[in-house]
Amino acid sequence: MHLILFSPRFHREFIEAALTNFIIAEGQPAFVVQDFKSIPTTTANLRALHGARRGEVPEVTVEFPSGTLYREALIQKAHLLAERFTWALTSWNFSYSEHITAFVTKDAALADALAAHCAAQEQTRAWKKRKTLDRLILAHYDNLTNLEEQLKGAIFFDRDIEGEWAWRRSEVEKNQPYLLLINHKDLAEIQKEVLKYCTKVATRIWWDRYDRERTYLLVSCKDLSTFQVLCGTNQEYDPLYGYVISGLAHPKAVLHQVMSWRVPFPNDLQELVRLGEVAGWAYSWQWGGGDGEYHASFWAREPLLAYDLWQEIKTLSETQGGVKPLARF
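Computed from a predicted structure; not experimentally measured.

Q: Please clarify how the overall build of the protein should be interpreted in this entry.
A: Secondary structure summary: the protein contains 11 helices and 14 strands in total. Counting only residues that meet the buried cut, the protein has 53% of its 329 residues in that class. In the protein, once contacts between residues fewer than 6 apart in sequence are set aside, the share between residues at least 24 apart is 68%. Surface summary for the protein: the accessible area is close to 15,400 Å², and the carbon and sulfur share equals 50%.

This is the structure we're talking about:
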């Protein structure tokens, strides 16, 4: 099975154009199925499905399996769609601030054709006007067998244990993690105080369209208690606004990636994935807009890291109320 994921926060129109043109270019029959059956959380509903049917079946009814986690819905749906359709395109709410669009097929040539089509879109004049190194494709998985073990990303609640896995991973790597802080002047006073004990690596400054100064600060955190204060663990104030990344990362590579962002938008899945690929792994928090809606995101270059983290989160969720697995991607 081949799986291509899109996260169109900033470039929805480019993705829609690319996929529409791809459908036309392939010359295959396409149809739409609307299904508003909940993917058992409050905001998750399947939006639409386009696909060419397998075999001579005049009417196709797709029964989507229910589950208790987004994870189950994604994995079961991907396999079901690949079995029933030559190709399928589906989109669903994925977290409080993102939705995922997925292209699924068993045909390697079709997956390659779509990837090439998206690459061609990125070379167009309209795309280059954006002056960005963003990509249409968020992630591309080929020849999947065990989907859960091969996905590189995870989203989950980790209230009261914010960032603990990232710190333990850094201990295994024997390198203290880097913190990529965004607008660090907005931290609580105690966080500003402990920040003085971190080693400053680099700073990037830019001005937004309202001529307000914004900054990225890259530091190395050498002390667990300092790390916990900045991450908000068991504290009343908010966690850091930014990312935790592997201490094995090369700072220049991280800064080069940050400089490629057109308009730095913290905690976007596109940026998380790019940082994770460059640094080895990246970890961030996102605010969902309501009480208790902090959720963490993680992306690793090696899928085994994401799988191990996911298993730990599932185990902790059985005893800790603030911990819950949400989705793989």
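Q: Whenever I open this one, helix α8 (residues 224-231) confuses me. Can you help?
A: Since one α-helical turn is 3.6 residues long, residues separated by three or four positions face the same way. Looking at α8, one finds that the buried residues are T226, F227, V229, L230 and C231. Positive backbone phi, approximately 80 degrees, marks G232, located one or two places after α8.

Q: How should the side chain of S170 be read in this particular structure?
A: Considering the arrangement of structural elements, one finds S170 in helix α6 (residues 164-173). Judged by its relative accessible area of 3%, S170 falls in the buried class. Among residues more than four places away in sequence, those in contact with S170 are N175, Q176, P177 and W281.

Q: Please clarify how the nonpolar core should be interpreted in this entry.
A: General note: in soluble globular proteins, nonpolar side chains tend to be found buried as a group. One finds L3, L5, Y141, I245 and F329 to be the most contacted residues of the largest nonpolar core, which totals 36 residues. Not counting residues up to four positions away in its chain, the partners in contact with I245 are P177, Y178, L218, V254, A279, W281 and A282. Listed in part, the 34 residues of the second largest apolar core include I161, A166, W167 and W281.

Q: What should I look at first to understand the packing of aromatic side chains in this one?
A: By convention here, two paired aromatic rings are described through the distance between centres and the angle between planes. Evaluation of the coordinates by the stated rule reveals 8 aromatic pairs. Between Y283 and W285, the ring centres sit 5.0 Å apart and the planes meet at 75 degrees, which makes this aromatic pair edge-to-face. Assessed through its relative accessible area of 3%, W285 is described here as buried. Ring centres 5.5 Å apart and planes at 35 degrees place the aromatic pair W299 and F329 in the tilted group. With a gap of 30 residues between them, W299 in strand β13 (residues 294-300) and F329 in the segment after β14 (323-328) connect regions that are remote in the sequence. Look at W299 and you get buried, because its relative accessible area is 2%. Taking relative accessible area as the criterion, F329 reaches 1% and is therefore assigned buried.

Q: What exactly am I supposed to notice about the pairing of strand β8 (residues 178-182) here?
A: Walk down a regular strand and you will see the side chains alternate between the two sheet faces. Of all 5 residues making up β8, 5 are buried, and the element is well covered by its neighbours. The side-chain alternation of β8 yields two buried faces, one formed by Y178, L180 and I182 and the other by L179 and L181. Taken together, the 5 bridges between β8 and strand β10 (residues 213-220) define a ladder with antiparallel strand orientation. Opposite L180, over in β10, you have L218 as the bridge partner. In terms of strand pairing, β8 meets strand β11 (residues 242-245) through 4 bridges, oriented antiparallel. When the sheet's bridge partners are listed, L179 is paired in β11 with V244.

Q: So what exactly am I meant to see when it comes to the pattern of salt bridges here?
A: Opposite charge on two side chains lets them pair, provided their charged atoms get close. For the coordinates displayed, the defined rule picks out 6 salt bridges. Ionic pairing is found between K152 and E277, a salt bridge with its closest N-O pair at 3.8 Å. Here K152, found in the loop between α5 (147-150) and β7 (153-158), pairs with E277, found in helix α10 (residues 269-279); they are 125 residues apart in sequence, far enough to count as distant. E277 sits in the partly exposed class, given a relative accessible area of 31%. With its nearest N and O atoms 3.3 Å apart, the salt bridge here joins K196 to E193. The exposure class assigned to K196 is exposed, which follows from its relative accessible area of 61%. The exposure class of E193 is partly exposed, given its relative accessible area of 39%. What you see here is one network of salt bridges that share partners, running through E164, R168 and E312.

Q: Sorry, what's going on with the environment of Y216 here?
A: Within the secondary structure layout, Y216 lies in strand β10. Along the primary structure Y216 and V258 are separated by 42 residues, whereas in three dimensions their C-alpha atoms are 8.6 Å apart.

Q: What am I meant to see in unusual backbone geometry here?
A: Note: most residues except glycine have negative phi, and most peptide bonds are trans. In this structure, N143 takes a positive phi of about 55 degrees despite not being glycine. Along the chain, N143 turns up in the loop between β6 (139-141) and α5. Here N143 falls in the exposed class, since its relative accessible area comes to 55%. Here the phi dihedral of K174 falls at roughly 60 degrees; this positive angle occurs in a residue that is not glycine. Relative to the assigned elements, K174 resides in the loop between α6 and β8.

Cut-offs used in this document
Per-chain numbering applies: the sequence of each chain, read as written, is numbered from 1 onward. Confidence filtering applies because this is a predicted model: local features only for residues at pLDDT of at least 70, side-chain atom pairs given and counted only at 80 or more, and all residues used for totals across whole chains, interfaces and linings. Note that the side-chain values use all heavy atoms of the structure and ignore hydrogens as well as water. Counting from the N terminus, the helices are the DSSP runs of H or I reaching at least four residues and the strands are the DSSP runs of E reaching at least two. Buried means the residue's accessible area, taken with a 1.4 Å probe over protein chains only, is under 20% of the maximum for its type, while exposed means over 50%, and partly exposed covers the values in between. Contact definition: two residues touch when any of their heavy atoms are within 4.5 Å. Every accessible area reported is derived by Shrake-Rupley at a probe size of 1.4 Å, with residue values counting cover from the shown protein chains alone. Residues grouped as a nonpolar core are buried Ala, Val, Leu, Ile, Met, Phe, Trp, Tyr and Cys residues, joined through side-chain atoms within 4.5 Å. Aromatic rings from Phe, Tyr and Trp, taking only the six-membered ring of Trp, are treated as a pair when their centres fall within 6.5 Å; an angle between ring planes under 30 degrees marks them as stacked, one over 60 as edge-to-face, and anything in between as tilted. The pairing criterion for strands is at least two bridges between them, as found by DSSP. Counted as salt bridges are all cases of a side-chain nitrogen of Lys or Arg within 4 Å of a carboxyl oxygen of Asp or Glu.

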